[in-house]
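# Architecture and fold: a report
Spelled out from the first residue to the last, the chains are:
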Amino acid sequence: MLTLCSFLQFWTRLVGSSGMAGLSKRMCRRMGVMVAGMTAVAVMTMTLNGFAGGGRAVLTAYAEVPGEEPSQALVHQSGTEESGTLTEAKVQFRLTDGENLREGQALAGSMLAEDIQRQEAAKNEIRAVVEKAKDEIQKAEEQRALAAGEEPREATVQAAAVNCSQQDYEVLKRIVEAEAGICDTKGRILVANVVLNRVRSSQFPNTVTEVVYQRAQFSPVRDGRLNSCVVTPETVDAVNRALAGEDYSQGALYFMNRGRSRARNVSWFDRNLTYLFHHDRHEFFK
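This report concerns the structure included in the present document. The numbering scheme is per chain: residues are counted from 1 as the chain's sequence reads. The predicted nature of this model means local features are confined to residues of pLDDT at least 70 and side-chain atom pairs, given and counted, to a pLDDT of 80 or more, with totals for whole chains, interfaces and linings taken over all residues. The side-chain quantities take in all heavy atoms of the structure and omit both hydrogens and water.

### What to know about the overall build of the protein
Per the convention used, a helix needs a DSSP run of H or I reaching at least four residues, while a strand needs a run of E reaching at least two, with both numbered from the N terminus. The helix and strand inventory of the protein stands at 11 helices and three strands. When a residue's accessible area, from a 1.4 Å probe over protein chains only, is under 20% of the maximum for its type it is buried; when over 50% it is exposed; and in between it is partly exposed. Residue burial in the protein is summarised as follows: out of 286 residues, 27% are buried.

Structure below.
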């Protein structure tokens, strides 16, 4: 700015000197315009120089890569304040990251606990259903014995020692419906008996779901009837009675509907298994 002021003072003295007195007004105006233009150019040049310096400073500031030491120029300009701010930000980030991890672990633990509680509640519900069915069987036996003038026996057979989850219970109801939905109550109980006998046998898997879904064992799994069937109250009652211990199976592990089975399957049953008895539409084997 001092240079600009000196230039303007020089031009004023020049115009006022006697050497410029003889100039016409038109020439004076032209020279005034030129001076004004030169003045504007000078002001813009100095302003742009100031912006250029600021731009370099901005580029220098943003050139720092997180995690690296700041450049010497940046340290010279801002001292240790920016370095302290960067460290504080890293510490805050790490603290926040740790808090999120703890919150996530707590949420996962809570969800796991809720899932365990739901499973236990489902098992308790199934146990209650089975106990109720056992009581009904015992009462029916007592009434039968009383009518026949006999001493009442304990529940027909020892209760099925099967760990039945909610999923197993649903699968058992569906396989009984799909295989024996058109049979009488005893026929439905017999199909449930066979499934439970397999669960207890070392020759087969140890859960209802695994037994039913074992490869090439039950046709309703293969043709989709297991999932499409609608479980009736009669089937639910039969399954509950089987779970409570009502058993007519004589230890049967297989059953077959001879009229609806393939010839090679019928032949395999007859050659490899021991025939036990026939009820309704099914023959039972061991």
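This is not the end of the story, as more comes after the structure.
### Here's the deal with the sheet that holds strand 2 (residues 275–279)
Spatial strand order, 1-3-2: three strands in an open sheet with antiparallel pairing. One side of each edge strand has no neighbouring strand; the edge strands of this open sheet are strand 1 (254–256) and strand 2. Across the sheet, the axes of successive neighbouring strands diverge by a mean angle of 25°, strand direction being ignored. We treat two strands as partners when DSSP finds at least two bridges between them. As judged from the four bridges shared by strand 2 and strand 3 (residues 282–285), these two strands associate in the antiparallel manner. Pairing of Phe277 across the sheet is with Phe284, part of strand 3. Any two residues whose heavy atoms approach within 4.5 Å at even a single point are treated as in contact. Only the contacting stretch of a helix is used when fitting its axis, a line to C-alpha atoms as for every element, and angles between N-to-C directions run 0 to 180 degrees. Sitting on the sheet, helix 11 (residues 263–272) is in contact with strand 1 and strand 3, with an inclination near 135° to strand 1.

### With respect to the side chain of Asn240
Position of Asn240 among the secondary structure elements: in helix 10 (residues 233–244). Polar contact is defined as a pair of N or O atoms within 3.5 Å, subject to the rule that within protein one atom must be able to donate a hydrogen and the other to accept it, and that residues adjacent in sequence are counted only when both atoms are side-chain atoms. Within polar-contact distance, the side chain of Asn240 engages the side chain of Tyr169 at 2.6 Å.

### Describing the pattern of salt bridges
The rule for a salt bridge is simple: a side-chain nitrogen of Lys or Arg has to be within 4 Å of a carboxyl oxygen of Asp or Glu. Per the counting criterion, the structure on display carries six salt bridges. Taking the shortest distance from any N to any O, the salt bridge between Arg258 and Glu283 comes out at 2.8 Å. With a gap of 25 residues between them, Arg258 in the loop between strand 1 and helix 11 and Glu283 in strand 3 connect regions that are remote in the sequence. Glu283 gets classed as buried once you look at its relative accessible area, which sits at 12%. Each of Asp237, Arg241 and Glu246 takes part in one network of salt bridges that share partners.

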